[in-house]
Amino acid sequence: MADVHNSNGNYAPSSGAILRLKVGLAEMLKGGVIMDVTSAEQAVIAEKAGAVAVMALERVPAQIRAEGGVARMASIKKIREIMQAVSIPVMAKCRIGHFAEAQVLQEIGVDFIDESEVLTPADEVHHVDKHAFTTPFVCGARDLGEALRRVAEGAAMIRTKGEAGTGDVVHAVKHMRQIVKDMRSLTVLGEEELYAAAKEFRAPYELIRMVAKNGRLPVPNFSAGGIATPADAALVRQLGAEAVFVGSGIFMKDSINFADREEAEIRARAIVRATTHFDDPKILAECSEECTGAMKGLAVAAMDQANMMQTRGW
Amino acid sequence: MPNTTQAQGTATPRIGVLAIQGDYDAHAQALREAGAEPVLVRKPEELAGVDGLIIPGGESTTFLKFLERDGFLGSLQEFVRSKPTFGTCAGCILLATEVRHPAQASLGVLDATVERNAYGRQIDSTIQTGETRLPGGPLEMVYIRAPRVARIGDGVRVLAERDGFPVLVEQGHIMAATFHPELSEDRRVHRRFVELVRDWMARASESNRQSDSKTS
């Protein structure tokens, strides 16, 4: 199997120079914070706070949740404005299975595409064939099987789904723990048991075998969905996340109103610092003290199953 | 002073990897394969115990945010002026005397002008194989949103080029690459840096011994 690993143990078929480049960019984002932004002004705030990338959006998940309706790819004008405004990588979301939106995003040159459950799905069976693109993709997952199905389709990065737009970290934690637990369970299996494991996880045998051998995903494993404070970021990092996506938690005061600019700036800086120093309680205390408040949020436990975004994706 | 000279000839170099953010894990693994012991460095005081340093790929703007705090920039500047340091991609940008596109602060120890994202966005990232002055034939070079070295000073030695622009350079105890040798299997570039660190350690222990014998 040596030919499908690069020196990092990452998934990289010897024929797949493009896949190596995709995973390579994901490697560069490790240890950092990727922030949702809805304007060039917010993108600049994010870059100045030390974000490693921004996610260009029309509305953040909390707004999408509050306003309802069909959520689609952001307007191209908005994405271009954000690309013009910052020097760090710019990501954008396409709907699950909407390969034409993905083609558009690749055409305008975004650096990473998030095939995201936050938008309204465009296909109830299929995800985008991500091998068909030169732009790397990130996809959400709640367990190892889902993560590996996305990797099989060509995802270069996995993130936990959590429950976006809530400011409640509970499902980001649940999904990260689940993925880590699933991976650990594979490492103790015998070779002959991996075939049944592949069936159980509904994932390709080759990828199951790779995880059993290395004890980790074949691509970087990030966390998203409800992270709102420096301590939240440190929590998911300690649970195994290699980097953190923060959506509504930085720029929103609640589901409808934006936070004060100064408050958002402080929060952005503090979350960036906490993500790097995730295992240093002294620095985490400083980061937490700097923040004057957090998004009001929405408790996931009180939500209707039908309102959850995480169940989108197959 | 205890005499550690004998041990240092064969000692495994402890090489720091700046781990604010970026592909520091890949560098740590590459260093192990090249015969060094990697040490992740996240705080200025952690520079004290290492014989050399790698500044990895990642986002140079993010690195600078951390360096602006707690006197990190000053400590790092002092380190890179005297001890072997290797920067790849974002690390190369930080080492340069001048940064463009956009202009930003840097450590200024590599006599070069570096342009950020000079080849375009991720879609323009590429893997190429090119000639190098390192022994052992052509070298694979992984470029990811790569910067370009637009100008170098007289003291800078070019070890590899892409389209006439330097991509792997040395200047005294400083090494820099605009590509990512840590993402290839070929360990020649990291072995070269570990050698640089070993030479530096040998010289440092030699000068220690000389100053010891003078004082005794």
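Right above here is the structure, for reference.
Residues numbered from 1 in each chain as written. Chains lettered and ligands numbered in written order. Predicted model: local features only at pLDDT ≥ 70, side-chain atom pairs only at ≥ 80, totals over all residues. Heavy atoms only, no water.

*Asks:* Account for the overall build of chain A, with residues named and values stated.
*Replies:* Helix and strand counts for chain A come out as 13 helices and eight strands. Radius of gyration (C-alpha) of chain A: 18 Å, near the 20 Å computed for a compact globule of 314 residues. Considered along the principal axes of its C-alpha atoms, chain A spans approximately 55 × 45 × 40 Å. Taking all 314 residues of chain A together, the buried fraction comes to 63%. Sequence separation of at least 24 residues holds for 65% of the intrachain contacts in chain A that already meet a minimum separation of 6. Counting every atom, chain A has about 11700 Å² of accessible surface; 51% of that belongs to carbon and sulfur. (Helix = DSSP H or I, 4+ residues; strand = E, 2+ residues; numbered from the N terminus. Rg over C-alpha atoms; globule rule 2.2 N^0.38 Å. Buried < 20%, exposed > 50% of the residue type's maximum accessible area, 1.4 Å probe, protein only. Contact = heavy atoms within 4.5 Å. Areas by Shrake-Rupley, 256 points an atom, 1.4 Å probe, with all protein chains shown as cover.)

*Asks:* So what about the packing of helix α2 (residues 40-49) of chain A against helix α4 (residues 76-85) of chain A? Which residues, and what values?
*Replies:* For any two helices packed against each other, the geometry comes down to the angle between their axes and how far apart the axes lie. Residues and elements named next belong to chain A. As a packed pair, α2 and α4 sit with axes 9 Å apart at the nearest point and diverge in direction by 35°. Considering how the two elements wind past one another, α2 and α4 form a crossing that is right-handed. Of the residues in α4, those touching α2 at A40, A43, V44 and E47 are E81, I82 and A85. Among the residues forming the contact of α2 with α4, the class breakdown is five nonpolar, no polar and two charged. (Axes fitted to C-alpha atoms, helices over the stretch in contact; angles between N-to-C directions. Left-handed = near helix turned anticlockwise from the far one by under 90°. Nonpolar A, V, L, I, M, F, W, Y, C, P; charged D, E, K, R; others polar.)

*Asks:* Summarise the pattern of salt bridges; cite the residues concerned and give the values.
*Replies:* Taken as a whole, this structure holds 39 salt bridges over all chains when the rule is applied. For R142(A), the salt bridge is made with E146(A), and the minimal N-O distance between the two is 3.3 Å. On the accessibility criterion, R142(A) (25% relative accessible area) is partly exposed. Linking E37(B) and R14(B) is a salt bridge whose minimum nitrogen-to-oxygen distance equals 3.7 Å. You can see E37(B) sitting in strand β2 (residues 37-41) and its partner R14(B) sitting in strand β1 (residues 14-18), a full 23 residues away along the chain. The class for E37(B) is partly exposed, based on a relative accessible area of 35%. When salt bridges that share partners are traced, they join R273(A), K282(A), E286(A), E290(A), R69(B) and D70(B) into one network. (Salt bridge = Lys/Arg side-chain N within 4 Å of Asp/Glu carboxyl O.)

*Asks:* Can you lay out the interface of chain B and chain A for me, pointing to particular residues and giving the numbers?
*Replies:* On the chain A side, the residues contacting the 41 residues of chain B number 42 residues. Counting the surface lost from both chain B and chain A, the interface buries some 3200 Å², and carbon and sulfur atoms represent 53% of this. Between chain B and chain A we count six salt bridges in total. Of the charged contacts, one joins E290(A) and R69(B) as a salt bridge, the two residues approaching to 3.5 Å between their closest N and O atoms. Along the contact surface separating chain B from chain A lie 20 residue pairs in polar contact (both at pLDDT 80 or more). When residues of the side of chain B that touches chain A are traced back to their parent elements, those giving at least two are α2 (24-33), α3 (60-67), β7 (126-130) and β8 (139-143) of chain B. No other element matches α2(B), which puts five residues into the side of chain B that touches chain A. Broken down by class, the residue content of the side of chain B that touches chain A amounts to twelve nonpolar, 13 polar and 16 charged. (Buried area = accessible area lost by both parts, 1.4 Å probe. Polar contact = N/O pair within 3.5 Å; in protein donor to acceptor, adjacent residues only side chain to side chain.)

*Asks:* Explain α3(B) to me, using residue names and the numbers behind them.
*Replies:* In terms of residue burial, α3(B) counts as a mostly covered element, since seven of its eight residues are buried. Taken together, the buried positions of α3(B) are S60(B), T61(B), T62(B), F63(B), L64(B), F66(B) and L67(B). Where α3(B) is buried, its residues meet α2 and α12 (261-276) of chain A together with β3 (52-55), α4 (72-82) and α5 (90-95) of chain B.

*Asks:* Tell me about the state of the cysteines, and please be specific about residues and values.
*Replies:* All names here are of chain A. In the structure shown here, the tally under the stated rule is zero disulfides over all chains. C139 forms no disulfide, and the closest cysteine sulfur to it belongs to C94, at a distance of 7.9 Å. In this structure C291 is not part of a disulfide, and its nearest cysteine sulfur, from C287, lies 7.6 Å away. What makes C291 buried here is its relative accessible area of 17%. (Disulfide = S-S within 2.5 Å.)

*Asks:* Lay out the sheet that holds strand β12 (residues 174-177) of chain B in plain terms, naming residues and giving numbers.
*Replies:* Residues and elements named next belong to chain B. Spatial ordering of the open sheet is given by β2-β1-β3-β4-β12-β11-β10, a layout of seven strands whose pairing is mixed. Either end of the sheet is taken by a strand with one partner, and the two such strands are β2 and β10 (157-162). Taking the axes of each pair of neighbouring strands and ignoring which way they run, one obtains an average angle of 20° across the sheet. Across four bridges, the pairing between strand β11 (residues 165-171) and β12 is antiparallel. Its bridge partner lying in β12, L168 is registered against A177. Contacts from α2 reach β1, β2, β3 and β4 (85-88), with the element oriented near 165° to β1. (Pairing = 2+ DSSP bridges.)

*Asks:* Pulling in residues and values, what's your account of the packing of helix α10 (residues 230-238) of chain A against α12(A)?
*Replies:* All names here are of chain A. One can describe the packing of α10 onto α12 by two numbers: an axis separation of 8 Å at closest approach and a directional angle of 25°. As summarised for this structure, α10 and α12 are arranged roughly parallel, according to the angle between their axes. Where α10 crosses over α12, the handedness of that crossing is right-handed. Packed against α10, whose contacting residues are P230, A233, A234 and R237, the element α12 presents A270, I271, A274, T275 and T276 at the interface. Considered class by class, the residues forming the contact of α10 with α12 number six nonpolar, two polar and one charged. (Parallel < 35°, antiparallel > 145°, perpendicular 65-115°, else oblique.)

*Asks:* Account for the sheet that holds strand β9 (residues 148-152) of chain B, naming residues and giving values.
*Replies:* Strand pairs in the sheet, formed through backbone hydrogen bonds, run parallel or antiparallel to each other. All names here are of chain B. With mixed pairing, three strands are arranged side by side in an open sheet as β5-β6-β9. Each edge of the open sheet carries a strand with a single partner, namely β5 (96-100) and β9. Pairwise comparison of adjacent strand axes, ignoring direction, gives a mean angle of 25° for this sheet. Of the pairings in the sheet, the one linking strand β6 (residues 110-115) to β9 comprises four bridges and is antiparallel in character. Considered in β9, the bridge of A112 is made with I152.

*Asks:* Give me the lowdown on the packing of aromatic side chains, citing residues and values where you can.
*Replies:* All names here are of chain B. Under the definition given, this model contains six aromatic pairs over all chains. Ring geometry for Y119 versus Y143: centroids 6.4 Å apart, planes at 55°, classification tilted. Within this pair, whereas Y119 is found in the loop between β6 and β7, its partner Y143 is found in strand β8, the two being separated by 24 residues in sequence. Of the two residues, Y119 and Y143, neither departs from the other in class, the shared state being buried. Here the aromatic cluster, defined as three or more aromatic residues joined through ring pairs, consists of Y119, Y143 and F179. Over the ring of F165 we find R148; its NZ or CZ atom is 4.8 Å from the centre of that ring. One cation-aromatic arrangement involves R162 over Y119; the distance from NZ or CZ to the ring centre is 3.9 Å. (Phe/Tyr/Trp six-rings, centres within 6.5 Å; stacked < 30°, edge-to-face > 60°. Lys NZ or Arg CZ within 6 Å of the ring centre and 35° of its normal.)

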